Amino acid sequence: MAWTATATLCCRLVRAPAVRRRAPHRTLCSAERSTDAVDREYADLNLRPLYPNRGHHLRIRQHVNPLSASFVEPTGPPDWKEVFEDPLLPLMVDIGCGSGRFLVWLAKNSRERRNYLGLEIRQKLVERTQFWVTELGLRNVYFMFANATVSFEQIVSSYPGPLLLVSILCPDPHFKKKHHKRRVLQTQLVDSITKNLCLGGRVLLQSDVLGVAADMRERFDGYSDVFEHVDCIDKNLRCDNEGWLLDNPIGIRTEREIHAELEGATIYRRMYQKIRDVPHQKTSAVQWISALPRPQAVMG
Ligand SMILES: C[S@@+](CC[C@H](N)C(=O)[O-])C[C@H]1O[C@@H](n2cnc3c(N)ncnc32)[C@H](O)[C@@H]1O
């Protein structure tokens, strides 16, 4: 039997791990084996025949610089009635969704009635994923070409339903300290997620790079008056001694996660639940308005 994502999900649901399970260490990981593993994970989608002309792989840039002039302008929201069959359903947003297979799989297989939105800064990936979505006839998932750091607020604040889940999964690490400002999760994005998430909504963060996971964790730990980590709320979601979740709470892996696990890497995860509205939200808006230059000052 092919080892599909459904099988992975079932297996994870029946096992209750007591300790962090490391993927078996492999010293050599061929691109081919990685690609096969990705195909197996998303076998249910049967995407290969859907891209016959340009083949399975796209020639795309490995990285783009989100600080370059072409990415600083925020992208506006779509017409939600056009992109989703029911734009009032609870929304999951995957930031930096890459190929989008993870989100398409959820949109097709999840039993929850939800909409799924992928934000991705590499346009060719978005075009390919949207093509798959149309071919599969899915009306609950949509992908946008956008710099999520600067566009999230405009896009998500206009969504008519509740924002239930935001995921940032294996974001680009930008290892050099001077390049940390290129990382997708910056203060403005944390603030916007915190503000727009509905009460009870969740944020899932993960990385195979400990420094990146720790950076994201620190930012959300800083909002302890608004967020609680899920292991304090749901005893089924357990952490190791360092406070990292032992298991993938979604039950389906992203592509980067599959590649990293094949290489024997550990995935560091945190999931927060919004337990309170942002305190003094009104006050901060008033403060912001009162900080604006007064008309007479502008006119001299
Ligand atoms: C390492 S990949 C991970 C993709 C996917 N989440 C996974 O786990 O397989 C990170 C993705 O984030 C995208 N990305 C980086 N900065 C971004 C930004 N500011 N806004 C939107 N997407 C971004 C990259 O183009 C890339 O596809």
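Note that this is a predicted model, so its numbers are computed, not measured.

Along the backbone of the protein chain there are eleven helices and seven strands. Buried positions account for 32% of the 300 residues belonging to the protein chain. Restricting to contacts in the protein chain with at least 6 residues of sequence separation, those with at least 24 account for 81%.

Another point: the site of the ligand. Contacts to the ligand come from 20 residues, most closely from Gly-96, Gly-98, Ala-148, Thr-254 and Arg-256. Elements supplying a minimum of two residues to the shell around the ligand: strand E2 (115–120), helix H6 (148–157) and helix H9 (255–262).

Looking now at the environment of Leu-204. Among the structural elements, Leu-204 can be located in strand E5 (residues 197–207). Once the C-alpha coordinates of Leu-204 and Ser-167 are considered, the two residues, 37 residues apart in sequence, prove to be 4.6 Å apart.

Attention now goes to the pairing of strand E7 (residues 268–274). Of all seven residues in E7, six are buried, a share of seventy percent or more. When strand E6 (residues 227–229) meets E7, the two strands line up antiparallel, connected through three bridges. Residue pairing across strands places His-229 opposite Tyr-272, the latter belonging to E7.

Once that is clear, we can look at the sheet that holds strand E3 (residues 141–145). The strand order across the open sheet formed by seven strands is E3-E2-E1-E4-E5-E7-E6, and the pairing between neighbours is mixed. Only two strands of the sheet have a single partner each, and these edge strands are E3 and E6. Neighbour-to-neighbour, the strand axes of this sheet turn through a mean angle of 20°, independent of strand direction. Here E2 pairs with E3 via five bridges, running parallel. Considered in E3, the bridge of Glu-120 is made with Phe-145. Packed onto the sheet, helix H4 (residues 101–109) meets strand E1 (91–95), E2 and E3 and runs at close to 175° relative to E2. Its contacts with the sheet put helix H8 (residues 210–221) on strand E4 (163–169), E5, E6 and E7, and the angle it makes with E5 is roughly 160°.

A word on the pairing of E4. Of all seven residues making up E4, six are buried, and the element is well covered by its neighbours. The pairing of E1 with E4 spans five bridges and is classified as parallel. When the bridges of E4 are listed, Leu-91 appears paired with Leu-163. The sheet contact formed by E4 and E5 spans six bridges and is parallel. What sits directly across from Val-166, in E5, is Val-203. In this fold, E4 hands off to helix H7 (residues 187–196), which returns the chain to E5; that crossover is right-handed.

Turning next to the packing of H6 against H7. The packing of two helices is summarised by the inter-axis angle and the distance between the axes. Direction vectors running N to C along H6 and H7 enclose 20°, while the axes themselves pass 8 Å from each other. Here H6 lies roughly parallel to H7, going by the angle between them. Taken as a pair, H6 and H7 cross one another with a handedness that is left-handed. For the pair H6 and H7, contact is made by Ala-148, Thr-149, Phe-152, Glu-153, Val-156 and Ser-157 and by Gln-188, Leu-189, Ser-192 and Asn-196, respectively. When grouped by side-chain class, the residues that make up the contact of H6 with H7 number four nonpolar, five polar and one charged.

Looking at the protein chain, the pLDDT average stands at 85 and 80% of residues meet or exceed 70. Note that residues 6–18 has pLDDT below 50 and, in this model, eleven contacts with residues that lie over four places away or in other chains. This stretch, residues 282–300, has a pLDDT under 50; its non-local contacts, to residues over four places away or in other chains, come to one contact.

Reading the values: the criteria
Residues numbered from 1 in each chain as written. Predicted model: local features only at pLDDT ≥ 70, side-chain atom pairs only at ≥ 80, totals over all residues. Helix = DSSP H or I, 4+ residues; strand = E, 2+ residues; numbered from the N terminus. Buried ≥ 20, exposed ≤ 12 C-beta atoms within 10 Å, placed from the backbone. Contact = placed C-beta atoms within 7 Å. Near = placed C-beta within 6 Å. Pairing = 2+ DSSP bridges. Axes fitted to C-alpha atoms, helices over the stretch in contact; angles between N-to-C directions. Right-handed = clockwise from strand over helix to strand, strands pointing away. Parallel < 35°, antiparallel > 145°, perpendicular 65-115°, else oblique. Left-handed = near helix turned anticlockwise from the far one by under 90°. Nonpolar A, V, L, I, M, F, W, Y, C, P; charged D, E, K, R; others polar. pLDDT = per-residue confidence, 0-100.

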